[in-house]
2 protein chains.
Amino acid sequence: MTKRIKCIIAYDGTHFSGYQIQPGRRTVQGELEEVLRRMHKGKGVRVAASGRTDAGVHAYGQVIHFDTPLSLSSEQWKKALNAQLPDDIVVRSIQEVDADFHARFSAKAKEYRYKVWTAAERDVFRRHYCAWHPYPLHMDAVNEALHLFCGTHDFTSFCSAKTTIEDRVRTIYRAKVKVDGPMLEFRFVGSGFLYNMVRIMVGTVLEIGQGKRSPTDIAQLLAAKDRRFAGPTAPAEGLYLWRVYYGDEWLDRELADG
Amino acid sequence: MTKRIKCIIAYDGTHFSGYQIQPGRRTVQGELEEVLRRMHKGKGVRVAASGRTDAGVHAYGQVIHFDTPLSLSSEQWKKALNAQLPDDIVVRSIQEVDADFHARFSAKAKEYRYKVWTAAERDVFRRHYCAWHPYPLHMDAVNEALHLFCGTHDFTSFCSAKTTIEDRVRTIYRAKVKVDGPMLEFRFVGSGFLYNMVRIMVGTVLEIGQGKRSPTDIAQLLAAKDRRFAGPTAPAEGLYLWRVYYGDEWLDRELADG
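Small disclaimer: the values here were computed from a predicted structure and weren't measured. (Residues numbered from 1 in each chain as written. Chains lettered and ligands numbered in written order. Predicted model: local features only at pLDDT ≥ 70, side-chain atom pairs only at ≥ 80, totals over all residues. Heavy atoms only, no water.)

### Focus on the relation of the copies chain A and chain B
At an RMSD of 0.0 Å, chain A and chain B line up after a rotation of 180° and a shift of 0.0 Å along the axis. Here the symmetry operator amounts to a two-fold rotation axis. Interface overlap between copies: 100% of the residues of chain A at the interface are likewise at the interface in chain B, consistent with a symmetric, same-surface contact. (Least-squares fit on C-alpha atoms with pLDDT ≥ 70 in both. Contact = heavy atoms within 4.5 Å.)

### A closer look at the packing of helix 1 (residues 28–39) of chain A against helix 2 (residues 74–84) of chain A
Residue and element names in this part refer to chain A. It is at 10 Å that the axes of helix 1 and helix 2 come closest, and there the two elements cross at 120°. For the pair helix 1 and helix 2, the crossing hand works out as right-handed. Mapping the contact onto sequence places Val35, Leu36, Arg38 and Met39 in helix 1 and Trp77, Ala80, Leu81 and Gln84 in helix 2. Tallied by class, the residues present in the contact of helix 1 with helix 2 amount to six nonpolar, one polar and one charged. (Axes fitted to C-alpha atoms, helices over the stretch in contact; angles between N-to-C directions. Helix = DSSP H or I, 4+ residues; strand = E, 2+ residues; numbered from the N terminus. Left-handed = near helix turned anticlockwise from the far one by under 90°. Nonpolar A, V, L, I, M, F, W, Y, C, P; charged D, E, K, R; others polar.)

### Observations concerning the domain arrangement of chain A
Residue and element names in this part refer to chain A. Once the domains are mapped, chain A shows domain 1 (3–97) and domain 2 (109–257). Computed from C-alpha coordinates alone, the two centres of domain 1 and domain 2 are separated by 27 Å. If you look at the interface, domain 1 gives 17 residues, while domain 2 gives 16 residues. Of the roughly 1200 Å² buried where domain 1 meets domain 2, counting both sides, 56% is carbon and sulfur surface. Among the residues of domain 1 in contact with domain 2, Asp54, His58 and Tyr60 are the three that bury the most area, contributing 38% of the side total. Between domain 1 and domain 2 we count one salt bridge in total. Between Arg199 and Asp54 there is a salt bridge, with its nearest N and O atoms 3.7 Å apart. Put simply, domain 1 and domain 2 have 10 residue pairs in polar contact (both at pLDDT 80 or more) between them. With six residues, the single largest contributor to the side of domain 1 that touches domain 2 is strand 3 (residues 58–68). (Domains from an automatic or database assignment. Buried area = accessible area lost by both parts, 1.4 Å probe. Salt bridge = Lys/Arg side-chain N within 4 Å of Asp/Glu carboxyl O. Polar contact = N/O pair within 3.5 Å; in protein donor to acceptor, adjacent residues only side chain to side chain.)

### Quick notes on the pattern of salt bridges
Residues and elements named next belong to chain B. By the definition in use, this model includes 34 salt bridges over all chains. For Arg37, the salt bridge goes to Glu34, with nearest N and O atoms at 3.0 Å. Of this pair, Arg37 and Glu34 both sit in helix 1 (residues 28–39), three residues apart, which is roughly one turn of that helix. Residue classification places Arg37 among the partly exposed residues on the basis of a relative accessible area of 32%. Residue classification places Glu34 among the partly exposed residues on the basis of a relative accessible area of 30%. Put simply, Arg113 and Glu185 hold a salt bridge, and the shortest N to O gap is 3.0 Å. Pair noted here: Arg113 is in strand 5 (residues 109–117) and Glu185 is in strand 9 (residues 183–190), with a separation of 72 residues, a long-range link. Arg113 gets classed as buried once you look at its relative accessible area, which sits at 12%. (Buried < 20%, exposed > 50% of the residue type's maximum accessible area, 1.4 Å probe, protein only.)

Here it is in structure tokens:
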């Protein structure tokens with residue numbers, strides 16, 4: 001009997017051409033499907049993810065699912081996959097789910113984080129894991145700008161001009177920044193995110209923090225619905241797909257916890 | 001007039017075949033000398049370091065010196081070098097020093113740190129920057145063992161059997177471990193360190209922490225003067241050359257601060 005398996009995986013995006021499978025490129029999906037193919041005696045197993053991530057973008061809590069006739073316990077699955085996956089992908093947790101669960105279509109919300117290293121000194125150990133932005137920032141302005149993203153808006157100005165999807169209305173439940181010395185960690189929880197959306201929001205907020213723009217510009221940028229008016233796309237290496245939320249109650253509790 | 005320049009540099013050892021120059025290999029010294037050669041219109045400039053580090057070993061505070069006829073301020077040197085160095089080497093500070101300063105021979109003491117990730121879950125983002133040792137450790141035993149390394153001893157049992165140097169007597173001023181959740185950071189300050197010494201000390205201490213050996217074994221191992229009796233050499237990726245001490249007073253103060 002076929003079972004549906006849900007996995008939470010983490011990966012270091014540095015050496016991947018993104019999540020999605022592409023011929024001749026090293027991708028996260030490609031590595032996962034290769035390991036599953038081996039476990040299924042050469043039979044192909046399709047993996048569905050909550051969404052794609054770009055080259056260089058990391059995941060701490062990407063969610064995938066696949067269907068399998070194999071009978072393994074969660075612990076056996078986790079061990080078997082982690083033993084065969086390359087050292088830049090790890091399965092953090094695994095469980096059997098109902099056949100109507102879908103990693104992408106069942107997702108209620110997602111959390112992305114974006115890390116920025118603001119020290120004057122370049123940090124060789126963090127170069128693949130955060131963006132380096134060695135400029136003083138007005139944190140009051142940053143927080144004010146982040147607050148203006150919250151709510152339901154048309155995010156056309158904050159997604160790649162190449163976005164073909166028509167409906168660019170999304171709800172941001174939370175947009176905060178945690179400061180730990182020279183390290184900033186932006187946290188965005190939303191109903192969904194458009195292509196490059198977090199990176200453009202961060203690129204714009206950093207300009208606001210530097211005083212190049214006013215925090216209140218966010219409202220005008222949202223109204224403009226034109227990518228050309230927003231700030232630059234912040235680099236891939238700072239971005240992490242942190243968590244995918246499937247249950248409403250759980251999301252409510254998480255948001256309440258701040 | 002020739003000036004002697006001292007630099008404190010950091011590097012991510014992951015993609016280097018160690019510090020020391022070797023033909024056909026990517027080394028830290030090779031990259032430094034290549035940049036200096038360019039700055040001196042093709043004339044070779046020799047770089048002396050406080051010591052070598054192996055492939056995969058990191059440095060947060062390696063010290064080097066070189067002689068130059070160029071007249072640049074410290075700030076200009078730092079900018080020029082950092083603009084040309086690859087992104088896994090950074091010059092943290094730079095100063096002109098007396099002609100009798102020598103990065104290696106003037107060093108009074110060194111600090112090495114060794115990072116160990118003890119969580120059950122592999123961390124894809126730390127895989128090049130700490131050793132992964134997912135086993136419960138008795139920290140009392142670990143601390144007792146570390147304490148027994150302190151003082152002046154013959155460290156023959158704790159250096160590579162390939163060590164050709166005759167005098168294996170070294171003084172350890174401090175051997176401690178800092179615990180931050182599942183991350184352990186061992187800190188060793190000593191008059192000098194033999195080849196693989198920190199990695200063998202850590203490999204042995206981890207066995208003690210797991211209960212495979214008694215902390216009091218350290219005294220017997222030191223007395224045995226035989227590499228075969230000590231524990232395994234812990235992997236390169238956890239090791240950092242953290243700091244080189246040149247002034248006695250400064251070292252005293254540092255040690256007093258704990």
